[in-house]
Amino acid sequence: MIDVKQLSKSFGDHLVLDKIDQHIYPGEKVVVIGPSGSGKSTFLRCLNLLETPTGGSITFDGVELTDPKVDIDAVRRQMGMVFQHFNLFPNMTIRKNITLAPVRTKLMSQAEADDTATALLKRVGLEEKADAYPNQLSGGQKQRIAIVRALAMRPKVMLFDEPTSALDPEMVGEVLDVMKELAEEGMTMVVVTHEMGFAREVGTRVLFMDGGHILEENEPKEFFAHPREQRTIDFLSKVL
Amino acid sequence: MDPTALYESFKALENPNVWQDTYIKFYNAWFYEDRWITYFQGLGTTIQVTIMALILGVVLGVLVAVIRTAHDQQRPGKRNPLLGLINAVCKIYVTVIRGTPMMVQLMIMGFVVFASSRNKTLVGALSLGINSGAYVAEIIRGGLMSLDPGQMEAGRSLGLNYLDTMRFIVVPQAFKAILPSLGNEFIVLLKDTSLISVVGGKEIVYFAQAIITKTYEPMYPYIITAIMYLIMVLIFSWLQGKLERRLRQSDRR
């Protein structure tokens, strides 16, 4: 589904990603972990070209994203993204936050989009917040809305960039629950996170990144039980 | 009592006291030969010039700000050379306008560029608009840049194009953020219209000075001018406050 070949990214002289090869298959839940500065967020952001790679290629459903002629907006419509800091639009109501993109990109009529918004909000238990503004919500509520907003575009894959890192501890659960549900429905997901419990429980594959490389990858049970690399062992001993 | 009759009676006095003298001077500056009408003529021009300069300033400002921001937000490796050239022109414009005094710009426009023009009021409005545009551009650009880049990223990641993201997400939020500084700039512009009298623009100061040349008494015409400006600024500040309160709707918690 997403094919990454020799992906490199540097900011000035600083090499953040060093020739990464990776393939993400439909239905996979890939969890990316690693110390801060290891390039995991940059890797994720390259997948929908929020960061422009300095080398290599990314192919999504046969479309080569790094080709300058590609309609990147059309590709992004099929890839939902959830940010660490939610990035809801504070100048709009929740309903408008959700319906803006589907309506503007002509994916749905306003009426269809409103119905979709209501249905999705009901799913995450926030239907009564449709006419509230983002500033009136808690962090956990905001992040659940952000997930719903991305889902309203009916994406084929969802990218999560540390979705629970900016939340109070007691709100982490409600967001992870929504993500688990989504995983159970078969959504393809790439999740950058520090939640090892989530990686173990929901992930189908864990990538460990450090220094711009994917040092180790394995299915979660094996990964956490028998890490191979010394760097992975060190990291896991600190976070578990 | 009729103001004119009162004036006549004070004028007839051989040694008027301080208050009577004050009244005579004020009468000369305001009522005499219906001079007050000329202040309002000047006021009309001032408002006209302000509106013209405002429109020109906002159009220029938005244009320059959009070009500068679009240029800075280009993806590396996909730079448009034409945009680079226009961006350079915009930069020079902002640098020159902000780096030279308003008064000097006005004199260059009035006595050099449009030396043969008869309509100095229009020349004044043009100079003010060009001047204001540079400041408005920087205010808008600051507003666009101060917004969390995550807002742009969120819009783009949903598949909205650059223009839609700007229109629905970035600009409305930036507008709210820059409203106080924009209001401030408009107040400066309104007051700067008084400068166009140096090139012969016929606004309030021009008529006040015309009255002074007849009465040789500068105090009251200038105080009247000051009060008129103050009232205009107060009205404008009040309107601005109302607009800001309305835009704050989404901030309620």
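Counting restarts for each chain, with residues numbered from 1 along the sequence as it is written. Think of it this way: whatever chain is written first is A, whatever ligand is written first is 1, and the rest follow in order. A pLDDT threshold of at least 70 governs which residues receive local features in this predicted model, and a stricter bar of 80 or more applies before side-chain atom pairs are shown or counted, although totals over entire chains, interfaces and linings include all residues. Where side-chain values are given, they derive from all heavy atoms of the structure, hydrogens and water being excluded.

(A) Fine view of the overall build of chain A. By the criteria applied, helices consist of DSSP H or I runs no shorter than four residues and strands consist of E runs no shorter than two, each listed in order from the N terminus. A tally of helices and strands in chain A yields nine helices and ten strands. Its C-alpha atoms give chain A a radius of gyration of 18 Å, near enough to 18 Å, the size a compact globule of 240 residues would have. With the principal axes as the frame, chain A shows a C-alpha extent of 55 × 45 × 30 Å. The proportion of buried residues among the 240 residues of chain A is 57%. It is over C-alpha atoms that the radius of gyration is taken, and the globule rule equals 2.2 Å times the number of residues to the power 0.38. Here the term buried applies to any residue with accessible area under 20% of the maximum for its type, exposed to any over 50%, and partly exposed to those in between, with areas from a 1.4 Å probe on protein chains only.

(B) A look at the confidence of the model for chain B. Residues and elements named next belong to chain B. Confidence of the predictor at the level of single residues is captured by pLDDT, which takes values from 0 to 100. Averaged over every residue, the pLDDT of chain B is 90; residues scoring 70 or more account for 96%. Ranking the elements of chain B by mean pLDDT puts helix 1 (residues 3–11) last, at 85, and helix 7 (residues 149–157) first, at 95. If you check the scores for this complex, the pTM reads 0.81 and the ipTM reads 0.91.

(C) Geometry of the interface of chain B and chain A. The contact rule is simple, with two residues in contact once any of their heavy atoms fall within 4.5 Å. Across the boundary between the two partners, chain B contributes 26 residues, which contact 29 residues of chain A. Values labelled buried area give the accessible surface lost by two parts on being combined, using a 1.4 Å probe and summing over both. For the pair chain B and chain A, the summed buried surface comes to about 2,500 Å²; carbon and sulfur atoms form 53% of the total. One speaks of a salt bridge when a side-chain nitrogen belonging to Lys or Arg is within 4 Å of a carboxyl oxygen belonging to Asp or Glu. The shortest N-O distance in the salt bridge between R104 of chain A and D164 of chain B comes to 3.1 Å. Two N or O atoms form a polar contact when they lie within 3.5 Å of each other; inside protein one atom must be a possible hydrogen donor and the other a possible acceptor, and for residues adjacent in sequence the pair counts only when both atoms belong to side chains. At the boundary of chain B with chain A, the tally comes to eight residue pairs in polar contact (both at pLDDT 80 or more). Residue contributions to the side of chain B that touches chain A peak at seven residues, all from helix 7 of chain B. Classifying every residue of the side of chain B that touches chain A by side-chain character gives seven nonpolar, nine polar and ten charged. Gly is put with the polar residues, along with every residue not named as nonpolar or charged; the nonpolar set is Ala, Val, Leu, Ile, Met, Phe, Trp, Tyr, Cys and Pro, and the charged set is Asp, Glu, Lys and Arg.

(D) Fine view of the packing of helix 5 (residues 139–151) of chain A against helix 6 (residues 169–184) of chain A. Residues and elements named next belong to chain A. Fitted lines through C-alpha atoms serve as axes, helices being fitted only where they are in contact, and the angles separating the N-to-C directions of these axes extend from 0 to 180 degrees. Where helix 5 contacts helix 6, the axes come no closer than 8 Å and their chain directions differ by 20°. In terms of their interaxial angle, helix 5 and helix 6 are classed as roughly parallel. Viewed along their axes, helix 5 and helix 6 form a crossing whose handedness is right-handed. In contact with G139, G140, Q141, Q143, R144, I147 and L151 of helix 5, helix 6 contributes M171, E174, V175, V178, M179 and L182. By residue class, the composition of the contact of helix 5 with helix 6 is seven nonpolar, four polar and two charged. An angle below 35 degrees is read as roughly parallel, one above 145 as roughly antiparallel, one from 65 to 115 as roughly perpendicular, and any other as oblique. It is the rotation of the near helix from the far one that decides the hand of a crossing: anticlockwise by less than a right angle makes it left-handed, clockwise makes it right-handed.

(E) Molecular detail of the environment of T59 of chain A. All names here are of chain A. Here T59 shows up in strand 4 (residues 55–60). Residue classification places T59 among the buried positions, given a relative accessible area of 18%. With 67 residues separating them in the primary sequence, T59 and L126 have C-alpha atoms 36 Å apart. Among residues more than four places away in sequence, those in contact with T59 are M1, I2, D3 and E64.

(F) Structural context of the side chain of T46 of chain B. Position of T46 of chain B relative to the elements: it lies in helix 3 (residues 36–72). Look past the residues within four positions of T46 of chain B in its chain and what remains in contact with it is L190, T193, E203, I204, Y229 and M232 of chain B.

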